[in-house]
Amino acid sequence: MGKCEQCIIKQFNSLKSLTKDELVRISNCKTSYTIKKGTVIFEEGETLNGVYCVKDGICKLSKLSENGKDQIVKMVVKGQLLGQRSLVSDESSNLQATALNDMEVCFIPKSEIIADLQKNPKFSFDVLKDMAHDLREADDIIVNMAQKSVRQRLAEALIYIHDSFGVNPDGTLSILLSREDFANIVGTATESAIRVLSQFKKEGLISTIGKQIKIEDIKGLKRIE
C-alpha cells in the first residue's frame, strides 16, 4: 500500500491532523493487511497495541451479552479508525471487530503514534472528537432500545445502511447482512427480525432478490412508528 502522507483516506479521520513528518514516520512503521470477509480482526477482551486505519471495506463492532447473543454496536467503514481508545487507555477492548466484506487495513503501532498524541494538540483534539461522537452514538442506541419498537429500529437500520453505504446497480443494499446480523443490530431475536422483514415485504416497503434486500418505499419506512 502507499505512503500515509499521500493517502487520501487520512482526510476522513483524525490522522489528517498529523504533520507531514509525523505521517512519514508512521508510514515507515505501519503494517498493511488484507482481511477476508468473516475474519475476526480483534476479540473482546484483547489488548490492542495500536490502531487500524480502514482503507477499504466494512467491519462490525459487537459485544457478547451474558446470554451469549451478539449486539452489533457500530459498523466501521472506509476512512475510519479502529481501536482509537487504545491510544489513550490501557484497557482491553470491550468489543469484537469482524470483517463484513474483504477489507484493506493499515495497522499503526501505539508505540509510534502515542508521542504524536502528546505533542500535537490538534491531533489529540480530533481523536477526542471522534471518541465523543462514538459516545453520542452509544447514547442514541440506548435510547432507541428503550423507547422504540422492533419495527422502528429495523426500519431505521435499513435506512441507515441505505444512506451510509449505498446500493448495488440492481438497487439492493450494497452490504449483505444475514438476518441474524439485522437482529443483532436492533437488539431482538432472529425470529423477530425475520418476521418484521416479512411484514415490510408484504407492505411493499422492501423486496428481496435472493438474500439481498431492496428498499422500495423509503418514505414509508421513515413513517413507521
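Residues numbered from 1 in each chain as written. Predicted model: local features only at pLDDT ≥ 70, side-chain atom pairs only at ≥ 80, totals over all residues. Heavy atoms only, no water.

1. Observations regarding the overall build of the protein chain
This is how it is decided: Think of it this way: any DSSP run of H or I at least four residues long counts as a helix, any run of E at least two long counts as a strand, and we number them from the N terminus. Burial classification: accessible surface area is computed with a 1.4 Å probe over protein chains only, and a residue below 20% of its type maximum counts as buried, one above 50% as exposed, and the rest as partly exposed. Note on definitions: a residue-residue contact is assigned when non-hydrogen atoms from the two residues lie within 4.5 Å. Working definition of accessibility: Shrake-Rupley area with a 1.4 Å probe, residue cover restricted to the visible protein chains. Counting rule for charge: Lys and Arg are taken as positive, Asp and Glu as negative, and neither His nor the chain ends is counted. For charged residues, the charge sits on one atom: NZ in Lys, CZ in Arg, CG in Asp, CD in Glu.
Along the backbone of the protein chain there are eight helices and ten strands. For the protein chain, the C-alpha atoms occupy an extent of roughly 55 × 40 × 30 Å along the three principal directions. Of all 225 residues assigned to the protein chain, the portion counted as buried reaches 44%. Look at the contacts in the protein chain between residues 6 or more apart in sequence, and 69% of them connect residues 24 or more apart. Surface summary for the protein chain: the accessible area is close to 12200 Å², and the carbon and sulfur share equals 51%. Separation between the mean location of the 32 positive side-chain charges and that of the 31 negative ones in the protein chain comes to 4 Å.

2. Let's talk about the sheet that holds strand β3 (residues 50–56)
The criterion, for reference: At least two bridges found by DSSP between two strands are what make those strands a pair. The convention used is that axes are lines fitted to C-alpha atoms, helices contributing only their stretch in contact, and that angles between N-to-C directions extend from 0 to 180 degrees.
Across the sheet, which stays open at both edges, the four strands sit in the order β1-β8-β3-β6 with antiparallel pairing between neighbours. At either margin of the open sheet sits one strand with a lone partner, and together these are β1 (31–35) and β6 (81–82). Here β3 runs beside β6; their pairing, made up of two bridges, is antiparallel. Residue cysteine 53 lies in a different strand from β6, and its bridge partner there is leucine 81. Across the sheet, helix α3 (residues 110–119) is in contact with β3 and β8 (103–109); its angle to β8 comes to roughly 70°.

3. Some words on the sheet that holds strand β4 (residues 59–64)
The strands that make up a sheet pair up through hydrogen bonds in the backbone, lying either parallel or antiparallel. Taken in spatial order, the four strands make up an open sheet running β2-β7-β4-β5, and their pairing is antiparallel. Two strands close off the open sheet at either side, each with one partner strand: β2 (40–42) and β5 (70–76). In this sheet, neighbouring strand axes are inclined to one another by 35° on average, regardless of whether the strands run parallel or antiparallel. Judged from the six bridges that link them, β4 and β5 form a sheet pairing that is antiparallel. Across the sheet, cysteine 59 pairs through a bridge with valine 76, a residue of β5. Contacting β4 and β5, helix α6 (residues 179–186) runs over the sheet at an angle of about 90° to β5.

These figures come from the coordinates and say nothing about function on their own.
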